[in-house]
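# A look at the structure
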Amino acid sequence: MKNYIRKYRVYILAASALVTGYYFVLPNKLFKDPYSTVLNDRNGNLLSASIAGDGQWRFPFSMEVPEKFQEALVLAEDKRFYRHPGVDLLSLGRAAQQNWKAGKVVSGGSTLSMQVIRLARKNQRRSISEKLIEIVLATRLEFRYSKKEILALYATHAPFGGNVVGLEAACWRFFGRTVSDLSWSEAAMLAVLPNNPSLIHLNKNRIKLKLKRDRLLERLAQAGKMDQLELHLAQAEPVPETLLTLPRLAPHLLTRAIREGKGENKVITTIDLGLQQRVTQIINDHHQRLKANQIFNAAAIILEIKTGNVLAYVGNTASGYKNNEDVDVVMAPRSTGSILKPFLYAAMLQEGKMLPHTLWPDVPTFINGYSPKNFSKEFDGAVPASAALIRSLNIPAVYELREYRYEKFYDKLKTIGLTTLKQPADHYGLTLVLGGAEGTLWDITGALASMARTLNNYFELPGKNRYSKSDFHLPRYQQTEDDKNKIIEESSWLNAASVYLTFDALKEVYRPGENTGWRNFSSTKKIAWKTGTSFGFRDGWAVGVNPEYAVGVWVGNADGEGRPGLTGTETAAPILFDLFSVLPASGWFQMPVSEMEKIEVCQKSGHRATDLCEERTQEWVPKAGLETLSCPYHKKVFLSADKKFRVHALCESLTKMTEATWFVLPPIQEFYFKQKTFGHRPLPPLRKDCENPNSVASMDLIYPKINSKVLVPRELDGTTGNTLFEATHRNPAATIFWHLDGKFLAATRKTHKLALNPTAGTHTLTVVDDAGESISRSFSVISTIK
């Protein structure tokens, strides 16, 4: 009895060992092959793909196996596929009989399940032992996977000739279409290819391949899968003559997806195939024009405002310069030029530091050794903030940034989405708004889209809290779930009123061309847009937005080479308008009236109007604008009876004085303002017998500025050069007397410029006009340039 029990236990243990071994005999990961990375658009259309690590075009596993291919494959390879447990004994018996009669192996009798095992085992040498292994593993495969999954495994890993592996890759290489679009003829051809390697060379064996395909089509018709008309049409389809190349749309986005850890997967993006093709064509068309000026690279993205999803992504042009065309310029940090000015304009409005048309100085400026220049190298004296924005004037922007503080602007840029500010704020200083920092087309276009999203969403919620700071986010090229738990607040990084007024200022289509005067960009659609040009003509930017879309364009050379005429207005803006022309029409932004007030504004100064402002207008401004200064430029003056001179009570009787209101700019601003502004009335000079009560300055020094540090150059012949000092006076007939360190130098009239050659050290320059008004200014000559 004990022996019987012992023997019984041995059988049980042996059986358990066999069952356990059988359970674990199939590897957890059946296939260890590398896969291609596949980039699809939002509807599943192929945009681009990379070759797998082993040099094969092998798309990632997919459960999508079209019914026509399933029918053709099962009929051709394993007609009892849905009824056997992984092994078809009838097929094995038939194969054994055929092989015995032929005296060699002519048939394997393998089921599709067994073929999946053979593919996973890398086509081991055929033998009886290998066949037994395949049988065991195939039955185990059937326990783990459904029939549909087994078909999908086969379709993903079956060889289709050359370096084409898998049904999906084969569909694109042979027919240039998705698996879902296969015809009966194409499905039959692909069904007979994997086990017929001699038919793989299309240019050699096309006739044999067609005959084999047509026989399978006849069998499908006999099985009732198609009628005779469908059969004849399918057999009439030609066999492909050569392999096709895969689509190469958005190749830089594909490379980016791989770099971001999405390699060997099918990446479903938010790209729209049709729009991507159109944008690529527009970029390439402009590239043909630009390369005549040795400008070889361009990039563009289009974003959907509501979601921030990327609809089109062109990372670079096919320039022919291999080192440059591989650069994804969308993500490459580049000098921003003037492209950040709209963010400063909006921030200033939000904090009530100015109104939309407030005047800002546009004069020669020296701030702690920094001397910004306008692109035109000219000065307007004083410019409305809105005009300075659309004309992209640098000097007014620097005055605005100094008022706002560059440290705050630095933080603001980071909160709205700029990720490239790697240095501390002091590293950039006032150059932050003029290209001193680097930005990417991705970040800048995304920030502009976030502003538009914030403005649009403002109207979605009633009540006091209408903002979500999560509306400011980077663009997305893959669909994400909407944030259902986003926090609704009373404020955001930029409010709706400041955004609306910024976009309103930027919608003008009449803009200054840096090299060609003013340009009128024709557009039937309202677009808020801005251009930028970096120092040295290295980068041309253009970004634009409407309530539905944001578009960003960059033009230049990826290696940083500058070119004459490489400006945002001349190179990037034409592309921007062409891109907007292919987008659906959109209306304009709603005005957030509840965040604004309609007030009287001085038409000349752009400040809140006072009783002295003669020309006034009603304007909508942010509520914070109610705290801004009232107009400081309109002043009450007293004139002589003939109104030619200013007088006061110390030199003229009250009965002979005439009271008048005058628009008075500081002397240095008026000096340039009157040259650019037709009809400007300069302030009348003081009458000679009147002492200056110091109510209004008549004179100012243009150069040197307070505590300037001067370098005196040397001429070509080695002699010490001169430094040009300059002053301005309201009275064109005034004489200015120049003194250096208490010693009289010269007198000037009309044009007040004097070339001096001061020695190294600290000096004091004093100028006195013929009415006795004087200005003294200290400066230092730190050395002469040798």
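The written sequence of each chain sets the order in which its residues are numbered from 1. Side-chain atom pairs in this predicted model are given and counted only at pLDDT of 80 or more, local residue features only at pLDDT of at least 70, and totals for whole chains, interfaces and linings cover all residues. Side-chain metrics rest on all non-hydrogen atoms present in the structure, leaving aside hydrogens and water.

All right, on to the packing of aromatic side chains then. Note on aromatic contacts: the rings of Phe and Tyr and the six-membered ring of Trp form a pair at centre separations within 6.5 Å, being stacked when their planes are under 30 degrees apart, edge-to-face when over 60 apart, and tilted otherwise. Taken as a whole, this structure holds 17 aromatic pairs when the rule is applied. With a centroid separation of 5.2 Å and 50° between ring planes, the pair formed by Phe725 and Phe779 is classed as tilted. One end of the pair, Phe725, is in strand 23 (residues 723–729); the other, Phe779, is in strand 28 (residues 774–784), with 54 residues separating them in the sequence. Taken as a pair, Phe725 and Phe779 share a single burial class, namely buried. Aromatic rings pair up to connect Phe366, Tyr703, Phe725 and Phe779 into one cluster. Working rule: Lys NZ or Arg CZ, within 6 Å of ring centre, within 35 degrees of ring normal, means a charge sits over the ring. Geometry around Trp442 places Arg256 over its ring, the cationic atom sitting 3.9 Å from the centre. A cation over an aromatic ring shows up here: Lys408 above the ring of Tyr404, its NZ or CZ 4.5 Å from the ring centre. Under the DSSP-based scheme used, a helix requires at least four consecutive residues in state H or I and a strand at least two consecutive residues in state E, with every element numbered from the N terminus. Burial classes follow relative accessibility: with a 1.4 Å probe on protein chains only, a residue under 20% of its type's maximum area counts as buried, one over 50% as exposed, and anything between as partly exposed.

With that out of the way, let us pick up the confidence of the model for the protein chain. Predicted confidence across the protein chain gives a mean pLDDT of 87, with 88% of residues reaching 70 or more. Looking at any residue, its pLDDT shows the predictor's confidence there, from 0 to 100. Of all helices and strands in the protein chain, the one with the weakest mean pLDDT is strand 13 (residues 517–520) (53), whereas strand 7 (residues 310–314) scores best (98).

Turning next to empty space enclosed by the protein. A cavity, in this analysis, means grid points on a 1 Å lattice covering only the protein atoms where a 1.4 Å probe fits yet has no way out; a pocket is instead an open set bounded by protein on both sides within 12 Å along at least five of seven lines, and a residue lines either one if it has an atom within 4 Å of a point. Grid points are joined across faces, edges and corners, and a volume is the space filled by probe spheres set on the points. In the structure shown here, the tally under the stated rule is 4 cavities of 30 Å³ or more. Here the largest cavity is characterised by a volume of approximately 120 Å³. Lining of the largest cavity is provided by 14 residues; of these, Ser62, Ala155, Thr156, Leu167 and Glu168 occupy positions nearest its centre. Among the elements of the structure, helix 6 (147–157) and helix 7 (167–175) are those that each provide at least two residues to the lining of the largest cavity. The classification used treats Ala, Val, Leu, Ile, Met, Phe, Trp, Tyr, Cys and Pro as nonpolar, Asp, Glu, Lys and Arg as charged, and all other residues, Gly among them, as polar. Its residues assigned to classes, the lining of the largest cavity comprises 9 nonpolar, 3 polar and 2 charged.

A separate point is the pattern of salt bridges. Side-chain pairs of opposite charge can arise where the charged atoms are in close proximity. Think of a salt bridge as a Lys or Arg side-chain nitrogen and an Asp or Glu carboxyl oxygen that are within 4 Å of each other. One pass over the full model with this rule turns up 28 salt bridges. We note a salt bridge from Arg687 to Glu652, for which the minimum N-O separation is 2.8 Å. A residue pair is termed long-range when its members are at least 10 positions apart, and Arg687 in the loop between helix 22 (667–676) and strand 21 (699–703) and Glu652 in the loop between strand 19 (634–639) and strand 20 (658–663) qualify at 35 residues. With its nearest N and O atoms 3.8 Å apart, the salt bridge here joins Asp700 to Arg777. Taken as a pair, Asp700 in strand 21 and Arg777 in strand 28 lie far apart in primary sequence, 77 residues in all. Overall, the relative accessible area of 17% leaves Asp700 in the buried class. Ionic contacts of the salt-bridge type, sharing partners, join the residues Glu378, Asp380, Arg391 and Lys676 into one network.

Residues qualify for a patch when their relative accessible area is over 30% and they have no salt bridge, like charges being joined within 9 Å and the nonpolar side chains of Val, Leu, Ile, Met, Phe, Trp and Tyr within 5 Å. Using a 1.4 Å probe, the Shrake-Rupley method yields the accessible areas, and only the shown protein chains count as cover for residues. Under the counting rule used here, the positive set is Lys and Arg, the negative set is Asp and Glu, and His together with the chain ends is not counted. Taken as the charge location is NZ of Lys, CZ of Arg, CG of Asp or CD of Glu. A contiguous patch of positive charge on the surface is contributed by Lys79, Arg83, Arg94 and Arg219. Checked against the element boundaries, Arg219 lands in helix 9 (residues 202–222).

Once that is clear, we can look at helix 6. Of all 11 residues in helix 6, 9 are buried, a share of seventy percent or more. Within helix 6 the residues assigned to the buried category are Lys147, Ile150, Leu151, Ala152, Leu153, Tyr154, Ala155, Thr156 and His157. The contact criterion used throughout is that any non-hydrogen atoms of two residues lie within 4.5 Å. Buried residues along helix 6 sit in contact with strand 3 (57–58), helix 2 (67–77), helix 4 (112–120), helix 5 (128–144), strand 4 (164–165) and helix 7.

Attention shifts here to the state of the cysteines. Counting rule for disulfides: a pair of cysteine sulfur atoms within 2.5 Å. All told, the structure shown has 1 disulfide when counted by the stated rule. The disulfide partner of Cys651 is Cys690, and the S-S distance across this bridge is 1.8 Å. Every disulfide takes its handedness from the sign of the S-S torsion; for Cys651 and Cys690 that torsion is 85°, giving right-handed. A residue pair is termed long-range when its members are at least 10 positions apart, and Cys651 in the loop between strand 19 and strand 20 and Cys690 in the loop between helix 22 and strand 21 qualify at 39 residues.

On to the environment of His634, then. By secondary structure assignment, the location of His634 is in strand 19. Separated by 21 residues in the primary sequence, His634 and Cys613 have C-alpha atoms spaced 6.1 Å apart. Ignoring sequence-local partners within four residues, the contact set of His634 consists of Cys602, Lys604, Leu612, Cys613, Glu614, Thr661, Trp662 and Phe663.

The criterion for strand pairing is that DSSP finds at least two bridges linking the strands in question. Overall, antiparallel pairing links the 3 strands, which are arranged 21-23-26 in an open sheet. Unpaired on one side and paired on the other, strand 21 and strand 26 (753–756) mark the two borders of the sheet. Strand after strand, the sheet turns through a mean of 25° between neighbouring axes, direction not considered. Sheet topology places strand 23 next to strand 26; 4 bridges connect them, and they run antiparallel. Each residue of the ladder has a partner; that of Leu724, found in strand 26, is Ala755. Taken strand by strand, helix 22 contacts strand 21 and strand 23, and its axis lies near 80° from that of strand 21. Axis lines are fitted to C-alpha atoms, over the contacting stretch for helices. Their N-to-C directions set the angle, which ranges from 0 to 180 degrees.

On to unusual backbone geometry. Along the chain, Tyr703 connects to Pro704 via a cis peptide bond; the corresponding omega equals 10°. Positionally, Pro704 belongs in the loop between strand 21 and strand 22 (708–712). In this model, Ala250 sits at a positive phi of 55°, which is unusual for a non-glycine residue. Ala250 sits in the buried class, given a relative accessible area of 4%. For Ser392, which is not a glycine, the phi torsion comes out positive at approximately 55°. With respect to the helices, strands and loops of the structure, Ser392 is situated in the loop between helix 15 (385–390) and helix 16 (394–404).

Once that is clear, we can look at helix 12 (residues 273–290). With 18 residues, helix 12 should reach 26 Å at 1.5 Å per residue; the first-to-last C-alpha distance of 25 Å fits that figure. Among the residues making up helix 12, those that are buried are Leu273, Leu275, Gln276, Val279, Ile282, Ile283, His286, His287 and Leu290. In this fold, the buried residues of helix 12 make contact with strand 2 (46–49), strand 6 (297–304), strand 7, strand 16 (549–556) and helix 21 (568–581). Two N or O atoms form a polar contact when they lie within 3.5 Å of each other; inside protein one atom must be a possible hydrogen donor and the other a possible acceptor, and for residues adjacent in sequence the pair counts only when both atoms belong to side chains. Put simply, Asp272 is the residue that caps the front of helix 12, since its side-chain oxygen is 3.3 Å from the backbone nitrogen of Gly274. Expected span of a helix: the number of residues minus one, times 1.5 Å.

Bringing the sheet that holds strand 7 into the picture now. The strand order 7-6-16-15-14 describes an open sheet built from 5 strands, whose pairing is antiparallel. Two strands lie at the open edges of the sheet, namely strand 7 and strand 14 (528–533), each paired on one side alone. When the angles between neighbouring strand axes are averaged without regard to direction, this sheet yields 10°. Summarising the sheet, strand 6 and strand 7 pair through 4 bridges and their orientation is antiparallel.

Tracing the backbone shows Thr269 in the loop between strand 5 (266–268) and helix 12. In this structure Thr269 comes out as buried when scored by relative accessible area, which is 2%. Residues contacting Thr269, with those up to four places away along its chain left out, are Leu39, Asn40, Asp41, Arg42, Leu47, Leu253 and Tyr477.

Take the nonpolar core next. Throughout, nonpolar core names a set of buried Ala, Val, Leu, Ile, Met, Phe, Trp, Tyr and Cys residues whose side chains join them through atoms within 4.5 Å. Counting residues in hydrophobic clusters, the biggest one holds 88 residues, and the most contacted among them are Phe409, Leu413, Leu432, Met451, Phe503 and Val545. In terms of residue count, helix 19 (residues 441–458) provides more of this core than any other element does, 10 residues in total. Filtering out sequence-adjacent residues up to four positions away, Val545 remains in contact with Ile305, Leu448, Ala452, Phe503, Ile527, Ala528, Ala550, Phe580, Trp588 and Phe589. Formed by 63 residues, the second largest nonpolar core is a distinct cluster that contains Phe69, Leu167, Ala169 and Leu220.

With that settled, consider the environment of Thr658. Structurally, Thr658 is set in strand 20. Distance in space between the C-alpha atoms of Thr658 and Leu639 is 5.0 Å, their sequence separation being 19 residues. When neighbours within four sequence positions are excluded, Thr658 is seen to be in contact with Val637, Phe638, Leu639, Ser640, Ala641 and Lys643.

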